[in-house]
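Architecture and fold: a report
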Amino acid sequence: MKLQHFLLLCGFTLTSAITVQAQAQVQHTQTSGNMSATNNQDVVKAPVMRLYQALNTIQKSAGNSLVQNEAILNQALDNSYDFPAIVGKTVGYRYNSFTPQEKTAVLEAFKKYTIARYLSSFANEKDTQFKISPDVKTGTTGNKQIVSTTIGSGNDTTPINYIVQNTPQGWRIVDVLLNGNISQTAVQHGDFSSTLAKGGSQALVEMLNKKTQSFNRK
């Protein structure tokens, strides 16, 4: 697994000059060593585990069609990502001014884009390993937790951390940190801002659809 695949995964291009540090410093969660603490950490890590299980399944299913892989990943992302929170943070203040129809259109386009991005990165891989740290970290703001992972094979691995938050639907991913500290939502916010300023939600939907098509052709 090469680094550019991770850049694609997190919404970067190889020529991107934007590097955004995660805002919150993190500290290790204090663990009591008893069964309840272990179970609690497993619950927090569950959305990342579901995502990685889906990606691992796709890697091992070389005969799957694009539609089959999309279905596997769609289900995993529905149970792992808090898409409204991610899109709201990515779009920024403009999101609150969108009509319900505009929000739905942007959410659907962003979700399809996310699925295509993951499949472009992993559908043709066979030996990528997904490793999740046993210890969960906690941020200094809100009820967010950080699940540390590495993705890759052999000596070619990259740290990918997930910020997760407890929601009415359970723990969900609300941001991804490449190399442990580069925020996907912050970088994408910068990437989307000019499009939104020029053409609003419709222009963003069109841009996301074009990106999705380009990933699907790879």
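Our subject is the structure that appears above.
Presented here is a report on the structure given in the accompanying data block. No experiment lies behind these values; they were computed from the predicted model shown. (Residues numbered from 1 in each chain as written. Predicted model: local features only at pLDDT ≥ 70, side-chain atom pairs only at ≥ 80, totals over all residues. Heavy atoms only, no water.)

So, about the nonpolar core. In a soluble, globular protein the nonpolar side chains are often hidden away together inside. Among the nonpolar cores identified, the biggest contains 44 residues, and Leu 51, Tyr 52, Leu 73, Tyr 81, Tyr 118 and Tyr 162 are the most heavily contacted of them. Not counting residues within four places of it along the chain, the set of residues in contact with Tyr 52 comprises Phe 130, Ile 132, Thr 149, Ile 151, Ile 160 and Tyr 162. (Core = buried A, V, L, I, M, F, W, Y, C linked by side-chain atoms within 4.5 Å. Buried < 20%, exposed > 50% of the residue type's maximum accessible area, 1.4 Å probe, protein only. Contact = heavy atoms within 4.5 Å.)

Turning our eyes to something else, we now look at the packing of aromatic side chains. Counted by the stated rule, this structure contains ten aromatic pairs. A ring pair is formed by Tyr 95 and Phe 98, whose centres lie 5.8 Å apart and whose planes are at 65°; its orientation type is edge-to-face. Classification of Phe 98 by relative accessible area gives buried; the value is 10%. The positively charged end of Arg 117 is found above the aromatic ring belonging to Tyr 118, 6.0 Å away from the centroid. (Phe/Tyr/Trp six-rings, centres within 6.5 Å; stacked < 30°, edge-to-face > 60°. Lys NZ or Arg CZ within 6 Å of the ring centre and 35° of its normal.)

Once that is clear, we can look at the packing of helix H3 (residues 66–78) against helix H5 (residues 100–122). Two numbers describe how H3 lies on H5: the axes approach to 10 Å, and their chain directions differ by 115°. Both H3 and H5 take part in a crossing whose hand is right-handed. Residues Leu 66, Asn 69, Glu 70, Leu 73, Asn 74, Leu 77 and Asp 78 of H3 form the contact with H5, whose own contacting residues are Lys 111, Thr 114, Ile 115, Tyr 118 and Leu 119. Taken together, the residues of the contact of H3 with H5 sort by class into six nonpolar, three polar and three charged. (Axes fitted to C-alpha atoms, helices over the stretch in contact; angles between N-to-C directions. Helix = DSSP H or I, 4+ residues; strand = E, 2+ residues; numbered from the N terminus. Left-handed = near helix turned anticlockwise from the far one by under 90°. Nonpolar A, V, L, I, M, F, W, Y, C, P; charged D, E, K, R; others polar.)

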